[in-house]
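Survey of secondary and tertiary structure
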Amino acid sequence: MQQRNQPAGRADGASGTVSVNLTVNGTRHSLTLDPRTSLLDLLREHLDLTGSKKGCDHGQCGACTVLLDGRRVVSCLTLAVMQDGANVTTVEGLAKDGHLHPLQQAFIDHDAFQCGYCTPGQLCSGVALIAEGHAKTADEIRELMSGNICRCGAYTNILAAIQQAMRQS
Amino acid sequence: MINFQYVRANSIADAVNLIADDPAAKFVAGGTNLIDLMKMDVEQPTKLIDISRLALDKVEDTAEGGLRIGAMVRNSDLAYHPAVEARYPVLSSAIRAGASQQLRNMASTGGNLLQRTRCAYFYDIALPCNKRTPGSGCGALAGHNRMHAILGTSDACIAVFPSDMCVALALLEARVHVSGPNGARTIAFDAFHRLPGETPQRDNNLEPGEMIVAVELPSAGFASNYSYLKIRDRLSYAFALVSVGVGLEIADGRIKAARLALGGVAHKPWRDTRAEAALAGQAANEAVFRQAADIVLRDARGFGHNNFKIELARRAIIRALTQAANGTPQSQSNKKIA
Ligand SMILES: Cc1cc2nc3c(=O)[nH]c(=O)nc-3n(C[C@H](O)[C@H](O)[C@H](O)COP(=O)(O)OP(=O)(O)OC[C@H]3O[C@@H](n4cnc5c(N)ncnc54)[C@H](O)[C@@H]3O)c2cc1C
Ligand code: FES
Ligand code: FES
């Protein structure tokens, strides 16, 4: 538990752990963590949300992309404790009431993956890209999706899927 | 990663006090560079002071017609800020040329200035690096140095400062507002980052315990004639081999004033006021641009793998000046170089 007489975020000196409260896909969680825990490791190792992938762990691939208070970020380069109080959406949280998110359906329609390892990151990134509204042309979509690497090279179909979801939104 | 204590600063004064107490502490803002380096054990702070929630996230007009950008303004928010897009498009363009939208959503203005080199010898603690471990030698000098500096190098270090945003800030003559144990001060952009000399462990002239609180832009934004041209190994999401930022003031086909800065070529954003002076008063044509490029590169020196950067830089300077003069800045989404 957080000690009330200390400002938020101060580590508990005795055990060296920190308490973190955050909402993931609509569910509130209270955890006690080693301060070194990345947001990605919190999701995968503590909440068993293994949709977000660890490709590089250094911000270089985008496989760990999640929505943090609605904005896309790489969850491997932020500490869970820094996100105390935040609202996180992972790929597991994109479908609503048993219906796939339109971008998820578009990925299926366009066969926008092969191995699927980059797909959770591509989906979260694409959902955010559509919400940001900066990308209109194919070039702009490609550029603003460049933070998500696909080793299988499904880029052409990923672009088509995003364009379909964009038309629907 | 070694363990550390985590504390959240409640105010600028709190942050400055917390760091003054502990020389092994570090501020964390977006975390995109520091946490990466902590994972590699290159940075080993024993305390992290989180400044990401401080109310330094505003972009405000200044009395002299410029802009004051809070240290916690995220790179993406700055790039798409209407005042920056309209009045300082070279800054918007340079930011969008760097990293990815995910990283720009996290990265802060202050953190961008203080990001460290991407030199592979700096990143690997098993290898020699005077910047990381003073006195251990420079692995890049006779090693793999394709990405390394061609200007302002020393026998101790040939690393480059990797920021794109800072190339634009250099040519816009930004000022850096800092707060520290001895109060507040303002540092001119050109005096902020350092050349390696004998002390490559020092990237910049911040004193221990000082914190960046804001970056201020003067009014001149070169919004009509500018370009940011970044040349890299792939079209996006890669650090610059060479980048060129240009701002021109042109009247009747003649250059009234010129600003020119390079990224990816030195230990700091490389601005050359001699080349700028040589452009002023001239007609805007290729011969004049070539002359300016020759001035910038007069003392350029390669180290083997990076020799090609000298000619690449010459061509990039000429091309970026041409783009700026023609009012056709490099697009950051259509990567065809016009
Ligand atoms: C895969 C990848 C690709 C990238 N590509 C590019 C690129 O192409 N071009 C480019 O320009 N950049 C690129 N970057 C770098 C990115 O721009 C920087 O990591 C980012 O700007 C750093 O900001 P931050 O807020 O995350 O800093 P942090 O990581 O939080 O901090 C960096 C340093 O600054 C210090 N610090 C932070 N804020 C302050 C302050 N206000 N006062 C005093 N000290 C402070 C910290 O103590 C730390 O030492 C890339 C990064 C990654 C991971
Ligand atoms: S795992 Fe986070 S970017 Fe690769
Ligand atoms: S589908 Fe295999 S990496 Fe993208």
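We note that D48 of chain A has phi near 55 degrees; this positive angle belongs to a residue other than glycine. Despite not being glycine, Y237 of chain B has its phi angle at roughly 55 degrees, a positive value. Here Y237 of chain B lies in the loop between β9 (225–231) and β10 (242–251). Classification of Y237 of chain B as buried rests on a relative accessible area of 8%.

Quick look at the packing of helix α3 (residues 119–132) of chain A against helix α5 (residues 155–168) of chain A now. A packed helix pair is summarised by two numbers, namely the angle formed by the two axes and the spacing between the axes. Residue and element names in this part refer to chain A. Viewed as axis vectors pointing N to C, α3 and α5 meet at an angle of 40 degrees, and their least axial separation amounts to 10 Å. Here α3 is positioned oblique relative to α5, judged by the angle of their axes. For the pair α3 and α5, the crossing hand works out as right-handed. Along the contact surface, α3 presents Q122, G126, L129 and I130, while α5 presents I158, I162, A165 and M166.

Looking now at helix α11 (residues 286–296) of chain B. Helical geometry: 3.6 residues make up each α-helical turn, so side chains three or four residues apart lie on a common side. All names here are of chain B. Within α11, the full set of buried residues consists of V288, F289, A292, A293 and V296. An end-on view of α11 places all buried positions within 140 degrees of arc, on one side of the element. For α11, the N-terminal cap is N285; the gap from its side-chain oxygen to the backbone nitrogen of A287 is 3.2 Å.

Attention now goes to the domain arrangement of chain A. Residues and elements named next belong to chain A. For chain A, the assigned domains are domain 1 (11–93) and domain 2 (102–168). The distance between the C-alpha centroids of domain 1 and domain 2 comes to 23 Å. Tallying the contact residues gives 15 residues for domain 1 and 16 residues for domain 2. Across the domain 1 to domain 2 interface the summed buried area is about 1100 Å²; carbon plus sulfur atoms make up 57%. Taken together, the connections running from domain 1 to domain 2 amount to 1 salt bridge. Run the count over domain 1 and domain 2 and you get 7 residue pairs in polar contact (both at pLDDT 80 or more). Counting residues per element, the side of domain 1 that touches domain 2 draws most heavily on strand β3 (residues 65–68), at 3 residues.

Rules and cut-offs
Residues numbered from 1 in each chain as written. Chains lettered and ligands numbered in written order. Predicted model: local features only at pLDDT ≥ 70, side-chain atom pairs only at ≥ 80, totals over all residues. Heavy atoms only, no water. Helix = DSSP H or I, 4+ residues; strand = E, 2+ residues; numbered from the N terminus. Buried < 20%, exposed > 50% of the residue type's maximum accessible area, 1.4 Å probe, protein only. Axes fitted to C-alpha atoms, helices over the stretch in contact; angles between N-to-C directions. Parallel < 35°, antiparallel > 145°, perpendicular 65-115°, else oblique. Left-handed = near helix turned anticlockwise from the far one by under 90°. Contact = heavy atoms within 4.5 Å. Arc of directions from axis to C-beta. Polar contact = N/O pair within 3.5 Å; in protein donor to acceptor, adjacent residues only side chain to side chain. Domains from an automatic or database assignment. Buried area = accessible area lost by both parts, 1.4 Å probe. Salt bridge = Lys/Arg side-chain N within 4 Å of Asp/Glu carboxyl O.

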